[in-house]
Amino acid sequence: MNRIKDAFEKKQKNLLNIYFTAGYPRLHDTVPILKALSESGADLIEIGMPFSDPLADGPVIQASSTVALQNGMNLRVLFEQLQGIRESVPETPILLMGYLNPVMQFGVDNFCREAAAAGADGIILPDLPLDDYVAEYQDIFRRHNLRPVFLITPQTAPERIRRIDELTDSFLYLVSGPGTTGGANTQAEGVQEAYFQRIEAMNLRNPRLIGFGIGDKASFQNACQYAEGAIIGSAFIRALDGVDDAPAAAKRFVSSVLA
Amino acid sequence: MKPTYQQPTERGYYGQFGGAFIPEMLYPNVEELRQQYLSIMAEPEFQQEYQQLLRDYVGRPTPLFEAKRLSAKYNTRIYLKREDLCHTGAHKVNNTVGQILLAKRLGKTRIIAETGAGQHGVATATVCALMGMECIVYMGEIDMERQKPNVYRMRLLGAEVRAAMSGSRTLKDATNEAIRDWISNPVDTHYIIGSVVGPHPYPDLVARLQAVISEEMRKQLLEKTGSELPQYVVACVGGGSNAAGAFYHFLEEPSVQLVAVEAAGHGIYSGHSAATSVLGTPGVIHGSRTLLMQDEDGQITEPYSISAGLDYPGIGPLHAFLADSKRARFISIEDEQALKAVAECSRLEGIIPALETAHALAALDQLGAGPDDVVVINLSGRGDKDLETYIKYADAIM
Ligand SMILES: Cc1ncc(COP(=O)(O)O)c(C=O)c1O
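Conventions used here
- Residues numbered from 1 in each chain as written.
- Chains lettered and ligands numbered in written order.
- Predicted model: local features only at pLDDT ≥ 70, side-chain atom pairs only at ≥ 80, totals over all residues.
- Heavy atoms only, no water.
- Helix = DSSP H or I, 4+ residues; strand = E, 2+ residues; numbered from the N terminus.
- Rg over C-alpha atoms; globule rule 2.2 N^0.38 Å.
- Contact = heavy atoms within 4.5 Å.
- Areas by Shrake-Rupley, 256 points an atom, 1.4 Å probe, with all protein chains shown as cover.
- Lys, Arg positive; Asp, Glu negative; His and termini not counted.
- Charge placed at Lys NZ, Arg CZ, Asp CG, Glu CD.
- Axes fitted to C-alpha atoms, helices over the stretch in contact; angles between N-to-C directions.
- Parallel < 35°, antiparallel > 145°, perpendicular 65-115°, else oblique.
- Buried < 20%, exposed > 50% of the residue type's maximum accessible area, 1.4 Å probe, protein only.
- Pairing = 2+ DSSP bridges.
- Patch = residues over 30% accessible without salt bridge, like charges linked within 9 Å, V, L, I, M, F, W, Y side chains within 5 Å.
- Salt bridge = Lys/Arg side-chain N within 4 Å of Asp/Glu carboxyl O.
- Near = heavy atom within 4 Å.
- Polar contact = N/O pair within 3.5 Å; in protein donor to acceptor, adjacent residues only side chain to side chain.
- Nonpolar A, V, L, I, M, F, W, Y, C, P; charged D, E, K, R; others polar.
- UniProt positions renumbered as here; feature names shortened; annotations may be inferred.
- Expected span 1.5 Å × (residues − 1).
- Bend = angle between axes of the 7 residues up to and from the residue.
- Domains from an automatic or database assignment.
- Buried area = accessible area lost by both parts, 1.4 Å probe.
- Phe/Tyr/Trp six-rings, centres within 6.5 Å; stacked < 30°, edge-to-face > 60°.

Asks: Please give an account of the overall build of chain A that cites residues and values.
Replies: For chain A, the helix and strand inventory stands at 13 helices and 9 strands. Expected size for 259 residues packed as a compact globule is a radius of gyration near 18 Å; at 17 Å, chain A falls within 12% of this value. If you line up chain A on its principal axes, its C-alpha atoms span 45 × 40 × 35 Å. Of all intrachain contacts in chain A linking residues separated by at least 6 positions in sequence, the fraction that spans at least 24 positions is 73%. Total accessible area computed for chain A in this model is approximately 10100 Å², and 48% of it derives from carbon and sulfur atoms. Charge centroids of chain A, computed over 23 positive and 31 negative side chains, lie 4 Å from each other.

Written out as C-alpha cells, the structure is:
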C-alpha cells in the first residue's frame, strides 16, 4: 500500500498539501485539524513534530513549535493522538515532518514502528543527510512501509536530484527559493520559473510539490503550473492564530485556497 | 584514512561524533567548503598571506609567560599562553583571519557570524573591515546586554549586529539565526563559525586555524623549560576552539594531560549549568552529532553560565570524542569560582582575564600538579569586555 502514490494517481494536478504543527494551537487540536483538512479537500497532510531548534523554519513555524512544546506535545503524545486515525481518515496520505534529534532520541526503529502503526505514510527530516539515510535508515523505513521525502533547492545539482529521485517513491519537495519556511519570494522575475521548468524537463520518476512561501489561492495556482501541486505551511499556521475553533478555521482556509 | 584526534574521517567523524546534519538548502555551501578547504589552505599564497596577517596584524607569536606568583601559590610551574594579547583581545581572531582569506578565495562577498561573548563577532567584524566585506553578526539579546562594549565595537567596525530573540536568547539561538541567514543567502555568503562546532568541515577547519596556539607553545616551551612537552595543558571550553588550538599539537602525545574546563553555572546539577560533558548525551545540534544538553524527548535544553562565551548546550565533536575516549579530562567550574579566579589572576599577575578564561584558571587547584610539573594555561582572552560584570559582582570577587 502506498497512499502517497495513490493520491497522485487519483488526482494528477493541483494537489494541495497542508502542513501544521502537532499540538498547536492547543495540545488536542492535532486530530480535529487533521480531520478538518482531509474533509475540506487537502490531498496530503504533513504533521510537524515540534523541535526546540528548527533550523530550516522561519518565525511562524518556530513560534508554533514553541507553543506546541509548551502545550506538552512530544512524539509519544502525538502517536497516542493518532491512534485509530485511519478509521476516520482512511485515504489522505499523512507525512510526519520534523528534525532528526527527537527521532534519534526516540530510537529510529521505534519511531518508524510507531509512525507506521499510527497510520503515517511518509517521513520528512530535512537535516537527515542522504548518505546517512542510505547507510542507516533506508532498511528501517522500508521495513515499516514508510517513504522518505527529500528536499530539492535551486542549488541542488542535477546528479543529486537524480539520486534523490531514485531513493523514494513519494514526491519531491521543491523548495521554491532560498530561505526558510514562510519567507516571501524575493527572487528576480523569471528565476523561479526557470528553476521549476529545469526540474520539470528532467522527467523525474516522482511527482513534485512546490513548497516554502506558498500561502493563498493565487500563489497555489501559480505553483501548480509548474508541478503536480504545492505545499502550504506558515500561512495555514497563521490562520490558526488566536482562533477558538481550529477545525473550522482549517476548513475555511482550505476552501479559500481551493475556491 | 584512519581517523585520529587531529584528523577526522572524510565525512567528518571523530569516533562516533561529527558529520554534517544539514538541510538540503545548505548542502551546496557546505559541500563546496568541504571539497576546497584543505587545498586552499595548502596553497603557498594562502599560507603566506595568512602567516603575514598573523604576524603583522594579529601580533603573533603571542608570548608564553611564566606566571611566578601563581606558580608559588599553587606550588607548580605555571605558564600562561597570552592569547589575550592578540589583536581584538582573544584567540578568536586566529580563526577569522584564516576564514576571511578562505571566503575571498571562494568568491564570497558577504560574511555572517554568530557570537556569544562578542569576541568572535568583533574578530569577524575586524577582518571584514580589513578586507572591505559586508558583515552581519547574530547575537542573543541577553548577550548583547551582558557584553555591551563588544556590541559597540562591532558597530564601530562597520558590522550590523542583529539580535537573536528566540529560545534563551544566547549563543545557541544566535547560531540558529546565522544558519537561517545562510539558508536564505546561499550564493554570495560565507558563514564564519566561531568555534569547533557545526557541520563538517567546520570543526576541522577551525581546529586547524587555531592550531597555531599549540604550535607556538611547543617551541616556546622548549626554549623556556628545555622540553616541548608540558605535563598539563588547560583550556576553557565553550564550543571548544581555544581548547582545540591549545591541545592540537599535543593530541598525539599521551604524556601530556589535556584538561578541558566547562562552565558549571550555579552548579552542575542546579538546572543552571553549561557542563555539557557531564550533562550531555549524544545527539545532533547545529549540524553535528556530538554531546549536547537535551531532555528525554530530544529537545535541546537552555544552558546557563555567567560567561556568555561558555553558555552553550553542546561541545564540538572533537571534544565529545576527547571526553568519550578519556583522552582529555573535563572539569566544571561554577560562576563564583570563576569570579574568584578573575581577582586572583589580576592581583597576582597583573592580568585581567576574560570570564571564559577565568574558568580555566579556576581549575588550577584541581589538577594535582606537582612542584616540577609544567602547566600551560591557555589565556584565551582579556577581561575588558566583562568589566561591567566584574563591577556588579565586586563583592564576590574582592
Ligand atoms: C575569551 C574567550 N575564551 C573562550 C571562549 C569560548 O569559546 P571556545 O570554546 O570556542 O574557545 C570565548 C567565546 O566567546 C572567549 O571569548
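Asks: Can you explain the packing of helix 5 (residues 119-131) of chain B against helix 7 (residues 148-156) of chain B? Please cite residues and give values.
Replies: All names here are of chain B. Here helix 5 crosses helix 7 at 10°, and the two axes come no closer than 9 Å. The angle between helix 5 and helix 7 places the two elements in the roughly parallel class. Contact residues: helix 5 offers Q119, G121, V122 and A125, while helix 7 offers N150, R153 and M154.

Asks: Outline the pairing of strand 5 (residues 110-115) of chain B, supporting the account with residue identities and numerical values.
Replies: The side chains of a regular strand alternate, first on one face of the sheet and then on the other. Residues and elements named next belong to chain B. By the criterion of burial, strand 5 is predominantly enclosed, with 6 of the 6 residues buried. Residues R110, I112 and E114 point to one face of strand 5 and I111, A113 and T115 to the other, with burial holding for every one of them. The pairing of strand 5 with strand 6 (residues 134-140) spans 6 bridges and is classified as parallel. Directly across from E114, in strand 6, lies its bridge partner Y138.

Asks: Just give me the short version of a nonpolar patch on the surface, but keep the residues and values in it.
Replies: A cluster of nonpolar side chains, namely Y269, V278 and L279 of chain B, defines an oily patch on the protein surface of about 310 Å² accessible area. Tracing the backbone through its elements, the reader meets Y269 of chain B in the loop between strand 10 (257-265) and helix 12 (276-279).

Asks: Let's hear about the site of the ligand: which residues, and what values?
Replies: Residue and element names in this part refer to chain B. Around the ligand, the structure places 19 residues, and the nearest of them are S195, G238, G240, S241 and S380. H91 is positioned with one of its side-chain polar atoms (N or O) 3.1 Å from an oxygen atom of the ligand. With respect to the ligand, the side chain of S380 contributes an N or O atom lying 2.7 Å from a nitrogen atom. When the ligand sits alone it has 390 Å² of accessible area, and the protein chains cover 97% of it. Counting only elements with at least two residues in the shell around the ligand, the list comes to helix 11 (241-247) and helix 15 (355-361). Per-class residue counts for the shell around the ligand are 5 nonpolar, 12 polar and 2 charged.

Asks: Requested: an account of unusual backbone geometry, with residues and values cited.
Replies: As a rule of thumb, non-glycine residues mostly have phi less than zero, and peptide bonds are mostly trans rather than cis. Residues and elements named next belong to chain B. The omega torsion across R60 and P61 is 0°, close enough to zero to call that bond cis. Mapped onto the secondary structure, P61 falls in the loop between helix 2 (44-58) and strand 3 (64-66). The residue after H200, namely P201, is reached through a cis peptide bond having omega 15°. For P201, the location among the structural elements is in the loop between strand 8 (189-191) and helix 9 (202-210). The phi torsion at R169 lies on the positive side, around 55°, for a residue other than glycine.

Asks: I'd love a proper account of the UniProt feature "modified residue: N6-(pyridoxal phosphate)lysine" (unreviewed entry) in chain B, names of residues and values included.
Replies: All names here are of chain B. Here, the residues flagged by UniProt with the feature "modified residue: N6-(pyridoxal phosphate)lysine" (unreviewed entry) are K92. Mapping K92 onto the fold places it in helix 4 (residues 92-105). The residues touching K92, leaving out its near neighbours within four places in the chain, are Q119, H120, A123, G194, S195, Q210 and S241.

Asks: So what's going on with the sheet that holds strand 4 (residues 122-124) of chain A? Which residues, and what values?
Replies: Residue and element names in this part refer to chain A. Ordered in space as 5-4-3-2-1-9-8-7-6, the 9 strands form an open sheet in which the pairing is parallel. Of all strands in the sheet, those with a lone pairing partner are strand 5 (147-148) and strand 6 (151-152), marking the two edges. In terms of strand pairing, strand 7 (residues 172-175) meets strand 8 (residues 208-211) through 4 bridges, oriented parallel. Bridge assignment links V175 to a residue of strand 8, and that residue is G211.

Asks: Got a sec to walk through helix 1 (residues 27-42) of chain B? Specific residues and values, please.
Replies: All names here are of chain B. For helix 1, which comprises 16 residues, the first-to-last C-alpha distance of 24 Å matches the rise-based estimate of 22 Å (1.5 Å per residue) to within 8%. Taken as a whole, helix 1 carries its principal kink of about 45° at Q36. Within the sequence span of helix 1, burial applies to N29, V30, E31, L33, Y37, I40 and M41. In this fold, the buried residues of helix 1 make contact with helix 2, helix 4, helix 8 (171-184), strand 8 and helix 9.

Asks: So, the domain arrangement of chain B: which residues are in play, and what are the values?
Replies: Where interface size is quoted, it is often the accessible area lost as the parts come together. Residue and element names in this part refer to chain B. Here chain B is described as being made up of domain 1 (14-54 + 92-206) and domain 2 (59-89 + 211-397). A C-alpha centroid distance of 22 Å is found between domain 1 and domain 2. Listed as interface residues are 42 residues of domain 1 and, on the opposing side, 45 residues of domain 2. For the pair domain 1 and domain 2, the summed buried area comes to about 3400 Å², and 58% of that belongs to carbon and sulfur atoms. Contact with domain 2 buries surface across domain 1, with F17, R146 and K172 losing the most and accounting together for 20% of the total.

Asks: Describe the interface of chain B and chain A, listing the residues and the values that go with them.
Replies: At the interface, 32 residues of chain B touch 31 residues of chain A. Buried area between chain B and chain A, both sides added, is near 2600 Å², and the carbon and sulfur share of it is 55%. Contact with chain A buries area across many residues of chain B, yet E24, M25 and R180 of chain B alone supply 25% of it, more than any other trio. Our count for the contact surface shared by chain B and chain A stands at 3 salt bridges.

Asks: Outline helix 9 of chain B, listing residues and values.
Replies: When you tally the buried positions in helix 9 of chain B, you get 8 out of 9 residues, the bulk of the element. Listed as buried for helix 9 of chain B are Y202, P203, D204, L205, V206, A207, L209 and Q210 of chain B.

Asks: Go over the packing of aromatic side chains with me, naming the residues and quoting the values.
Replies: Throughout the structure, instances matching the rule amount to 16 aromatic pairs over all chains. Between Y137 of chain A and F141 of chain A, the ring centres sit 6.4 Å apart and the planes meet at 65°, which makes this aromatic pair edge-to-face. Of this pair, Y137 of chain A and F141 of chain A both sit in helix 8 (residues 130-143), 4 residues apart, roughly one helical turn. Residue Y137 of chain A is classed as buried on the basis of its relative accessible area, which comes to 5%. With centroids separated by 5.1 Å and ring planes inclined at 35°, the aromatic side chains of Y5 of chain B and F321 of chain B adopt a geometry described as tilted. Placement of Y5 of chain B in the segment before strand 1 (13-14) and of F321 of chain B in helix 13 (residues 317-324) is noted, with a sequence separation of 316 residues between them. Note on accessibility: Y5 of chain B and F321 of chain B belong to one class, buried.

Asks: Provide a residue-level description of the sheet that holds strand 8 of chain B, including the pertinent values.
Replies: All names here are of chain B. Ordered in space as 7-6-5-8, the 4 strands form an open sheet in which the pairing is parallel. Pairing within the sheet leaves two strands with one partner each, and these edge strands are strand 7 (160-164) and strand 8. Put simply, the sheet's adjacent strands are angled 25° from each other on average, direction ignored. Taken strand by strand, helix 5 contacts strand 5 and strand 6, and its axis lies near 165° from that of strand 5.

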